[in-house]
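Residue-level structure breakdown
If you want the building blocks of each chain, they are given just below.
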Amino acid sequence: MAITMGIDVGTQSTKVLLYDTDLKKILAKAQAGYDLLSRADGSREQEASWWTQAILQCCSEMDPHLLSQVAAVGVSGQQHGFVPLSQEGQVLYRVKLWCDTSTVAQCQELTKNFGGEPRLLEDPGNLLLPGYTLPKILWFKQFEPALYQKMSTFALPHNYINFWLTGQISMEYGDASGTGFLNIPTREWNMELLRLLDDKRDWKSFLPPLRPSHEPAGYVTPEAAGLLGLRPGIPVSSGGGDNMMAAIGTGCVRPGRVALSLGTSGTLFTTANRPILDPQGQVAAFCSSTGGWLPLYCTMNCTVASELTRKLLNTNIAELNRLAETVPAGSEGVLLFPFFNGERTPNLPYGKGTFWGLTPETMTPAHLLRASLEGAVYGLKMGLDAFTALGLPVQEIRLTGGGSASSLWRQIVADILGFPVVCPSEQEAACWGAALQAEWCRSCLEEPELLSEQSVQERLFLLVDQHVAIDPSKKAFPSSAPAYQSAYATYLKILSVLSPLFQ
């Protein structure tokens, strides 16, 4: 029996699961929530200690005998978060998260000094968006200069947990590509961008070493093992951002399968065998945590839209679905632009949630609720259009996240996107993917003589084929829905009018 542990440090909670790779069975799951610190300037922050406390709580709820048999650990984490560390490894400040939009001015400053957006899209390959890590570092320098001077290195959320487990600081290419200063085609740090931020700092000594995805980030220390009930010395895989790990957990490790996550944010991503640089800057040109690339489209408001509308109307989830089903496709002209937290794609950090098209007849709870479901998907339809424009193949949508539990929302996704929708049996895709990556790492360590580049990836593909299953009860196929074609066209038209108002 080989048991691996998957850990996912999310925005709202941390999840831990134990997976028996021989029995192909999840043996235990636990989840622990925490707060989000918000300020009116767009700041969204957390304490790194909340994550480690959550992991400890999850492990305390698991069978000690199972924990003692864990053979490898894999860690997934919310992307882009900035964890500044002192030379002694102490966290110097609260973690600014992916959904933090307080760094618009820093993005503009860096973009201008680098030569503008066209140059960014050529090299490193991504625009500098408020969610990314680089503008957070500049913010830290400008607003916390004394702490900035004490900073010796930094981590992303999942890297910080790897560091906590192993005492070693490193990064892998997938999560690192969301910093904003990794050159995507060459997989090297962009030193010019960093020198624009600070031309006096020794960036080469500051930056964590980059590791291939199949290699371990380190091995569990005796101290961490004692806290968690694990054996010391077991490998901790490189891990990755939550989207990179979800690509493994949904089985989207080959081109053609597109993962769509209906979570707090809405994400659409697929695997590519080459760097995908979007000249329009809509699709993030990320690397994967499997040795390839992961073109990704992200919106900041997905289940946010339905949850806020549901709470406004004092409606539970079952009633939301029941009422929304009474309204025809397209909500009879009612549209929701769900930019409640600002928006990442399109890049509207000052965006606001906006209902459009209400009449006396459609100003009803049912119309508002259905429009909240559809509005989140229209934004993701823009991403799928961008994928096809870049020549990425699309065969099916693999749906995950909390919204995938709704049969109505699954059908809306299939109808608006125009592709079959399936759901993996295990819905905690990022946590599940971390456990599978841990097994990949463990198996590579056991047979190093077989590690040609091709066999490394083939080993992961085989692992995914063997362990990722589809839930036969949660499928949806696109039906004839001309109302959605009209509604989507209207959505794009009104968005072009609203966007300048949010600048």
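Residues numbered from 1 in each chain as written. Predicted model: local features only at pLDDT ≥ 70, side-chain atom pairs only at ≥ 80, totals over all residues. Heavy atoms only, no water.

1. A closer look at the sheet that holds strand E4 (residues 37-38)
Read across the sheet, 3 strands follow the order E4-E5-E8 without closing on themselves; strand pairing throughout is antiparallel. Both outer strands of the open sheet, E4 and strand E8 (95-96), are each paired with one neighbouring strand and no more. Pairing of strand E5 (residues 44-46) with E8 involves 2 bridges; the strand directions are antiparallel. Across the sheet, the residue bridging to Glu-45 is Lys-96, located in E8. Against the sheet, helix H1 (residues 48-60) engages E4, E5 and E8, with an angle of about 50° to E5. (Pairing = 2+ DSSP bridges. Helix = DSSP H or I, 4+ residues; strand = E, 2+ residues; numbered from the N terminus. Contact = heavy atoms within 4.5 Å. Axes fitted to C-alpha atoms, helices over the stretch in contact; angles between N-to-C directions.)

2. Looking at the nonpolar core
Burial of nonpolar side chains together is a common tendency in soluble globular proteins. Of all hydrophobic cores here, the largest spans 85 residues; its most connected members are Phe-181, Leu-260, Trp-409 and Val-413. Here this core takes 11 residues from helix H15 (residues 365-389), the largest share from any one element. Sequence-distant contacts of Trp-409, that is, excluding residues within four places in its chain, are made with Leu-262, Cys-302, Thr-303, Ser-306, Leu-373, Ala-376, Val-377 and Gly-403. Residues Ile-161, Val-220, Ile-234 and Met-300 belong to the second largest nonpolar core, which totals 41 residues. (Core = buried A, V, L, I, M, F, W, Y, C linked by side-chain atoms within 4.5 Å. Buried < 20%, exposed > 50% of the residue type's maximum accessible area, 1.4 Å probe, protein only.)

3. Points about the packing of H1 against helix H7 (residues 157-166)
How two helices pack is summed up by the angle between their axes together with the distance between the axes. Orientation of H1 relative to H7, taken along the N-to-C sense of each, is 60°, at an axis distance of 11 Å. Between H1 and H7, the interaxial angle falls into the category oblique. For the pair H1 and H7, the sense of crossing is right-handed. Along the contact surface, H1 presents Ala-48, Trp-51, Thr-52, Ile-55 and Leu-56, while H7 presents Pro-157, Tyr-160, Ile-161 and Trp-164. (Parallel < 35°, antiparallel > 145°, perpendicular 65-115°, else oblique. Left-handed = near helix turned anticlockwise from the far one by under 90°.)

4. Considerations on the sheet that holds strand E24 (residues 421-422)
Read across the open sheet, the 6 strands follow the order E19-E20-E18-E17-E23-E24; overall the sheet is mixed. Pairing within the sheet leaves two strands with one partner each, and these edge strands are strand E19 (284-287) and E24. Here 6 bridges tie strand E17 (residues 256-262) to strand E23 (residues 394-400), and the two strands are oriented parallel to one another. In the sheet register, Ser-261 faces E23, and the bridge partner there is Thr-400.

5. So, the packing of helix H13 (residues 303-312) against H15
The N-to-C vectors of H13 and H15 enclose an angle of 165°; their axes lie 8 Å apart at closest approach. Compared by their axis directions, H13 and H15 come out roughly antiparallel. Between H13 and H15 the crossing geometry is right-handed. Between H13 and H15, the contacting residues are Ala-305, Ser-306, Thr-309 and Arg-310 on the first element and Leu-368, Leu-369, Ser-372 and Leu-373 on the second. Across the contact of H13 with H15, the residue classes break down as 4 nonpolar, 3 polar and 1 charged. (Nonpolar A, V, L, I, M, F, W, Y, C, P; charged D, E, K, R; others polar.)

6. Focus: helix H16 (residues 407-417)
Since there are 3.6 residues in each turn of an α-helix, residues three or four apart along the chain are aligned in direction. Here H16 lies mainly inside the structure; 9 of its 11 residues are buried. All of the buried residues along H16 are Leu-408, Trp-409, Arg-410, Ile-412, Val-413, Ala-414, Asp-415, Ile-416 and Leu-417.

7. Here we look at the pattern of salt bridges
A complete count under the given rule lists 16 salt bridges for this structure. A salt bridge links Lys-29 to Glu-426, with the nearest nitrogen and oxygen atoms 3.1 Å apart. Residue Lys-29 is located in strand E3 (residues 25-33), and its partner Glu-426 is located in the loop between E24 and helix H17 (429-446); the two are separated by 397 residues in the primary sequence. You can call Glu-426 buried: its relative accessible area is 12%. Asp-100 is the salt-bridge partner of Lys-96, the closest N and O atoms lying 3.0 Å from each other. Assigned by exposure class, Lys-96 and Asp-100 land together as buried. Overlapping salt bridges bring together Arg-39, Glu-45, Arg-94, Lys-96 and Asp-100 as one network. (Salt bridge = Lys/Arg side-chain N within 4 Å of Asp/Glu carboxyl O.)

8. Details of the packing of aromatic side chains
Under the counting rule described, the total for this entry stands at 18 aromatic pairs. Summarising the aromatic geometry, the rings of Phe-154 and Phe-181 are spaced 6.1 Å apart at their centres and angled 50° between planes, so their arrangement reads as tilted. With a gap of 27 residues between them, Phe-154 in strand E9 (residues 151-155) and Phe-181 in the loop between helix H8 (173-176) and strand E11 (182-183) connect regions that are remote in the sequence. By the burial criterion, Phe-154 is buried, and Phe-181 matches it. An angle of 15° between the planes, with centres 4.5 Å apart, marks the rings of Phe-337 and Tyr-491 as stacked. Residue Phe-337 is located in strand E21 (residues 335-338), and its partner Tyr-491 is located in helix H19 (residues 482-498); the two are separated by 154 residues in the primary sequence. The class for Tyr-491 is buried, based on a relative accessible area of 1%. Aromatic ring contacts, followed pair by pair, group Phe-82, Tyr-93, Trp-139, Phe-140, Phe-143, Phe-154, Phe-181, Trp-189, Trp-203 and Phe-206 into a single cluster. The residue whose ring lies beneath Arg-94 is Tyr-93, and the NZ or CZ to ring-centre distance is 4.7 Å. (Phe/Tyr/Trp six-rings, centres within 6.5 Å; stacked < 30°, edge-to-face > 60°. Lys NZ or Arg CZ within 6 Å of the ring centre and 35° of its normal.)

Function cannot be inferred from these measures alone, as they are strictly geometric.
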